[in-house]
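As a plain string of letters, each chain reads:
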Amino acid sequence: MAVLITGIGELTTNDDELGTLTGAAIVFDGPAIAWVGPAAAAPDADERIDVEGRAALPGWVDSHTHLVFAGDRTAEFEARMAGQPYSAGGIAVTVDATRAATDAELTANLRRHVSEAVRQGTTCLETKTGYGLTVADEVRAARIAAAVADEVTFLGAHLVPPGADAASYVDLVCGEMLDAVAGSVRWADVFCETGAFDEAQSERVLRAAARRGLGLRVHGNQLGPGPGVRLAVRMGAASVDHCSHLSDSDVEALASSDTVATLLPACDLSTRQPLAPARRLLDAGATVALATNANPGSSYTTSMGFCVATAVLQMGLSVAEAVRAATLGGARALRRTDVGVLRPGARADLHVLDAPSRTHLAYRPGVPLTWRVWRRGSRVA
Ligand code: NIG
């Protein structure tokens, strides 16, 4: 069935030829976009919806979340706000709660958070394992994630579980764990940071994942300067995420690579880290994505709108740049061409704001501006 959405006051397409249109319309044919252009030239359709001058854009592409978890870390957050530094060790608290939860509890929690994200305009979401850290628990997390999320990443190398020996744990991740999980995930990730995995260990994990045909991602340069960005670029990772502490050579390496710098401003604020140097990265020519990093420890939000507003208000991006990073940037970080863009053939994922322009996302921070959301051509909010 063809659906015509017309009366779009401002349409951000992210398509180089179409650009940003005023007085626009879009036609969905089932799960895909059939036509985009000026409302006056729109073809007939089975159903017609007039959005009365509101702004529309591609659904958010949230390319970094950790939503297969149980438990709560409010106390850790309160301690942090009182001056306690964030450290990777808090992950172990969520690992204990996640291992103790049933499949049904983990699935319900994941679905609850994903539907919270969808109600705010997210139409493509990646999520990770990484709170299991045994073969059985990581396989279980991957299976639960795959039933709900668009993209699933294996993050067995999130933390050496308390009490385990680091070398033996890396052997386990690179062997039995990857063998067991590889069929259920598209990506593998490693937390390359002091307190998690060093450069050599991280490289081993990435090489083992690449041998099994998985795409690569890296958590890097989150809590201090380090080798994560360099390693990600050297290994041809699709994305290196966090990037809060970058040297000039890290920025240059990203700018001359296909590795996307995925920035997580809600996490930077919640962990009292410097906001990632988005302006420097864009000026140097790097591809930037914005994502929520939704997880119970370092960034407990599913709001891409908050990330966009922060990128504009505090990181020096224009609204157009921030919106692009939260849509097309996320798609590039996931190496996808079907989302993050509105053009014929792309997925019919549309976010209509209760506002006349995308500028309101930063002009009216904190206001729930999502009016309607379509995903694969079906109305989901
Ligand atoms: O991306 N950096 C590692 N992992 C998560 C934090 C997870 C947690 O604290 O539970 C992150 O911030």
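Keep in mind that this is a model prediction, so the values were computed, not measured.

(A) Looking closely at the UniProt feature "binding site: Zn(2+)" (unreviewed entry) in the chain. UniProt tags His64, His66, His219 and Asn293 as "binding site: Zn(2+)" (unreviewed entry). Across 230 residues of sequence, these annotated residues stay compact in space, with a maximum C-alpha separation of 12.1 Å. With respect to the helices, strands and loops of the structure, His64 is situated in the loop between strand 6 (60–62) and helix 1 (74–81). Judged by relative accessible area, His64 falls into the buried class, the value being 0%. Among residues more than four places away in sequence, those in contact with His64 are Glu126, Lys128, His219, Asp241, His242, Thr262, Leu264, Ala291, Thr292, Asn293 and Ala294.

(B) Focus on the nonpolar core. Counting 90 residues, the largest nonpolar core has Leu263 and Leu281 as the members making the most contacts within it. It is helix 5 (residues 166–181) that contributes the most residues to this core, 7 residues altogether.

(C) Structural context of the site of the ligand. The environment of the ligand is made up of 16 residues, and the closest members are Arg73, Tyr86, Tyr131, Gln222 and Ser298. Within the side chain of Tyr86, one N or O atom sits 2.5 Å away from an oxygen atom of the ligand. In the model, a nitrogen atom of the ligand is placed 2.7 Å from a nitrogen or oxygen of the His158 side chain. Compared with its free state, where it exposes 330 Å², the ligand has 100% of that area covered by protein. When grouped by side-chain class, the residues that make up the shell around the ligand number 5 nonpolar, 10 polar and 1 charged.

(D) Just the sheet that holds strand 10 (residues 215–220), in detail. Spatial strand order, 6-7-8-9-10-11-12-13: 8 strands in an open sheet with parallel pairing. Unpaired on one side and paired on the other, strand 6 and strand 13 (288–290) mark the two borders of the sheet. Strand-to-strand twist across the sheet, computed as the mean angle between neighbouring axes with direction ignored, equals 25°. As defined by bridge partners, strand 6 adjoins strand 7 (residues 122–128) across 3 bridges and the pair is classed as parallel. Across the sheet, residue Val61 finds its bridge partner in strand 7, namely Cys124.

(E) Highlighting the environment of Val51. Position of Val51 relative to the elements: it lies in the loop between strand 4 (47–50) and strand 5 (55–58). When its relative accessible area of 0% is taken as the criterion, Val51 is described as buried. Note: C-alpha distance between Val51 and Ile5 (46 residues apart in sequence) is 7.0 Å. Sequence-distant contacts of Val51, that is, excluding residues within four places in its chain, are made with Ile5, Thr6, Gly7, Ile8, Val352 and Trp371.

(F) Representation of the pattern of salt bridges. Counted under the stated rule, the structure contains 25 salt bridges. Among the ionic pairs, Arg80 bridges to Glu76, the shortest N-O distance being 3.1 Å. With a gap of 4 residues between them, Arg80 and Glu76 both fall in helix 1, about one helical turn apart. Classification of Glu76 as partly exposed rests on a relative accessible area of 23%. For Arg280, the salt bridge identified is with Asp248, shortest N-O distance 3.1 Å.

About the criteria used
Residues numbered from 1 in each chain as written. Predicted model: local features only at pLDDT ≥ 70, side-chain atom pairs only at ≥ 80, totals over all residues. Heavy atoms only, no water. UniProt positions renumbered as here; feature names shortened; annotations may be inferred. Helix = DSSP H or I, 4+ residues; strand = E, 2+ residues; numbered from the N terminus. Buried < 20%, exposed > 50% of the residue type's maximum accessible area, 1.4 Å probe, protein only. Contact = heavy atoms within 4.5 Å. Core = buried A, V, L, I, M, F, W, Y, C linked by side-chain atoms within 4.5 Å. Near = heavy atom within 4 Å. Polar contact = N/O pair within 3.5 Å; in protein donor to acceptor, adjacent residues only side chain to side chain. Areas by Shrake-Rupley, 256 points an atom, 1.4 Å probe, with all protein chains shown as cover. Nonpolar A, V, L, I, M, F, W, Y, C, P; charged D, E, K, R; others polar. Pairing = 2+ DSSP bridges. Axes fitted to C-alpha atoms, helices over the stretch in contact; angles between N-to-C directions. Salt bridge = Lys/Arg side-chain N within 4 Å of Asp/Glu carboxyl O.

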